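Now for the letters of each chain:
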Amino acid sequence: MITHPRAEELTEAVSRWIDAVRPSLDPRNAFLARVAANILGVVARQQQLGPAAEAAAVERFTVLLDHRGDYAGLNSELCDRLRAGDMDVTTPGLIATLKANVLDQLAIDQPNYRHEGLAQP
Amino acid sequence: MTVDVLAALPKLAQRLGGEGAVLAAAERLSGGASMETWAFAVETLKGERRDLILRRRSAPFDPDTSRSVSLAAEAALIEAVRARGAPAAPLVHLCDAQDGLGEAHVTARVSGETLGRKIVSDPRFEAVRPKLARQCGEILAQIHATPVPDAAVLKSADFLGELARYEEIYRASGAERPVLELAFQHLKKHAPEPAPLTLLHGDFRNGNLMIDPQIGVAAVLDWELSHIGDPAEDLGWICVNSWRFGRPDRPVGGFGDYADLLAGYEAAGGRPVTLSRLRAWQALGSLKWGVMCLMMYQSWAGGLEASVERPMIGRRVSETEVDLVFLLEAGL
């Protein structure tokens, strides 16, 4: 992709501008401006981490379902098999696959979220 | 009908404070899609000041399809639970046509903190924090023991009913999320045995509690999702990790432990609830919140709401998926 500027520099520039004007906004708009800056954070992380996360998810789905395919197709098939009861929490590798995939997604959506897995000190 | 609240408040101030009373302050605190909250103050002729809260519905209300109760029902619930000793802001006035505010009620303003993150981390709450989980248990026992007031027509829902309702919403969304799918199927197969249904608060969580640094829970707010259901629903909802504000190690609201919540509940006369029953409801709570996040994204995608906040909430589904996968791995 082109540089000067890179896409993540563009989102960063907008984020910084939002932070600069935020103190001058009324409380409701200041809140929404913070949300907007957070959205740009998600977009930037998806740019950076998304391709590798999707490739890793496809790899894990392929092992679990024992055949190749694209992300949408494999994801959809897994949902169907879970709904049909072909797979459940006792299926070897299922929980590990799901956990790895959703942790990758969380790293994009909310990297600072302290999840249930951190409940034990 | 558009209501000019600021224009209607001086008249209400007179009605509440008597001849010569004036509106001393008015400020909109929050506005959801359908409900507004205003802080205002009335100063009487003698110079006495009363700090009050106005809650009013700002969008049309259909009692048949809405999950929310009417504000008149909310007012009756507040009175009823207070009579059983539960802390809720005292009702001051139920608005009528004369007030020109539409569907609304006025309560006293209870001071304290409602922001979850502050409650779990601000040093001001350090002393009271260890007492909160037990207090929550005691308060829930009081709420659950309250007879449903005649003025409140409430919906009923048990575990499988709630699960089915949210599964329907999930299916209609068209989203395909393996963890949510697994959670629906697992909880359907492992639903806790039905229990006698009682009055529930319906949204009892850190964020709807007014916390005072000295006394702890000073008021339980926001009764609009009150319904009849399994007592473990309220106990599980406050343990959903999404309301622990960065403190997953303190499962009750980010401030306390399961054992204290359940002990307080039992000590105040609540029917004993096991931890595994609570955890099943907690998992259903995470699942419900995940589906609600999908719904909020959809309200934006469908053009119903324009706020920048709505699509972003859609990206909170993954937090519930991570929480659910750990709960499922732990056997709930």
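Computed from a predicted structure; not experimentally measured.

Calculation criteria
- Residues numbered from 1 in each chain as written.
- Chains lettered and ligands numbered in written order.
- Predicted model: local features only at pLDDT ≥ 70, side-chain atom pairs only at ≥ 80, totals over all residues.
- Heavy atoms only, no water.
- Helix = DSSP H or I, 4+ residues; strand = E, 2+ residues; numbered from the N terminus.
- Buried < 20%, exposed > 50% of the residue type's maximum accessible area, 1.4 Å probe, protein only.
- Contact = heavy atoms within 4.5 Å.
- Areas by Shrake-Rupley, 256 points an atom, 1.4 Å probe, with all protein chains shown as cover.
- Domains from an automatic or database assignment.
- Buried area = accessible area lost by both parts, 1.4 Å probe.
- Expected span 1.5 Å × (residues − 1).
- Pairing = 2+ DSSP bridges.
- Salt bridge = Lys/Arg side-chain N within 4 Å of Asp/Glu carboxyl O.
- Axes fitted to C-alpha atoms, helices over the stretch in contact; angles between N-to-C directions.
- Parallel < 35°, antiparallel > 145°, perpendicular 65-115°, else oblique.
- Nonpolar A, V, L, I, M, F, W, Y, C, P; charged D, E, K, R; others polar.
- pLDDT = per-residue confidence, 0-100.

A. Structural detail: the overall build of chain A. For chain A, the helix and strand inventory stands at four helices and zero strands. Listing the helices and strands of chain A from first to last along the sequence gives α-α-α-α. Taken along the three principal axes of its C-alpha coordinates, chain A extends 55 × 40 × 30 Å. Among the 121 residues that make up chain A, the fraction classed as buried is 36%. Looking at chain A alone, contacts between residues at least 24 apart form 41% of all its contacts between residues at least 6 apart. Entry remark: accessible area of chain A is about 7,400 Å², with carbon and sulfur atoms responsible for 57%.

B. How the structure looks around the domain arrangement of chain B. All names here are of chain B. Each domain of chain B was delimited in the assignment, giving domain 1 (5-108) and domain 2 (116-329). Relative to domain 2, the C-alpha centre of domain 1 lies at a distance of 26 Å. Facing 22 residues of domain 1, the contacting portion of domain 2 comprises 25 residues. At the boundary of domain 1 with domain 2, total buried surface from both sides reaches about 2,000 Å², with 62% on carbon and sulfur atoms.

C. Just helix α4 (residues 94-109) of chain A, in detail. The terminal C-alpha atoms of α4(A) lie 22 Å apart, and with 16 residues this matches the ideal 22 Å at 1.5 Å per residue to within 8%. Every buried residue belonging to α4(A) is among A:L94, A:I95, A:T97, A:L98, A:K99, A:N101, A:V102, A:L106, A:I108 and A:D109, and all of these are buried. Against α2 (27-65) and α3 (71-84) of chain A together with α6 (178-189) and α11 (317-329) of chain B lie the buried residues of α4(A).

D. Main features of the pairing of strand β2 (residues 35-43) of chain B. All names here are of chain B. Counting buried positions over the nine residues of β2 gives eight, a clear majority of the element. Alignment of β2 against strand β3 (residues 49-57), held across nine bridges, turns out to be antiparallel. Across the sheet, W38 pairs through a bridge with L54, a residue of β3. Between the antiparallel neighbours β2 and β3 lie five residues, among them G47 with a positive phi of about 90 degrees.

E. Expanded view of the pattern of salt bridges. Counted by the stated rule, this structure contains 37 salt bridges over all chains. A salt bridge links A:R28 to B:E309, with the nearest nitrogen and oxygen atoms 3.7 Å apart. With A:R28 in helix α2 and B:E309 in helix α10 (residues 309-314), the pair connects residues from two separate chains. A relative accessible area of 41% means that A:R28 is categorised as partly exposed.

F. Inspection of the packing of α2(A) against α4(A) at higher detail. Residues and elements named next belong to chain A. Where α2 meets α4, the axes come as close as 8 Å, and the angle between the chain directions of the two elements is 170 degrees. By the angle between their axes, α2 is roughly antiparallel relative to α4. Only L94, T97, A100, N101, D104, A107, I108 and D109 of α4 make contact with α2, whose side of the interface consists of V42, R45, Q46, L49, G50, A53, A56, A57, R60, F61 and L64. Split by residue class, the contact of α2 with α4 holds 11 nonpolar, four polar and four charged.

G. Highlighting the interface of chain A and chain B. Taken together, the 35 residues of chain A in the interface contact 34 residues of chain B. Across the chain A to chain B interface the summed buried area is about 3,200 Å²; carbon plus sulfur atoms make up 64%. Where A:E116 meets B:R279, a salt bridge forms, and the shortest distance between an N and an O atom there is 3.8 Å. Ranked by residues supplied to the side of chain A that touches chain B, first place goes to α4(A) with 10 residues. Class assignment of the residues belonging to the side of chain A that touches chain B gives a composition of 20 nonpolar, eight polar and seven charged.

H. Layout of the confidence of the model for chain B. The predicted model of chain B averages 95 in pLDDT, with 99% of residues at 70 or higher. Interface confidence in the predicted complex, given as ipTM, is 0.96; pTM for the same model is 0.95.

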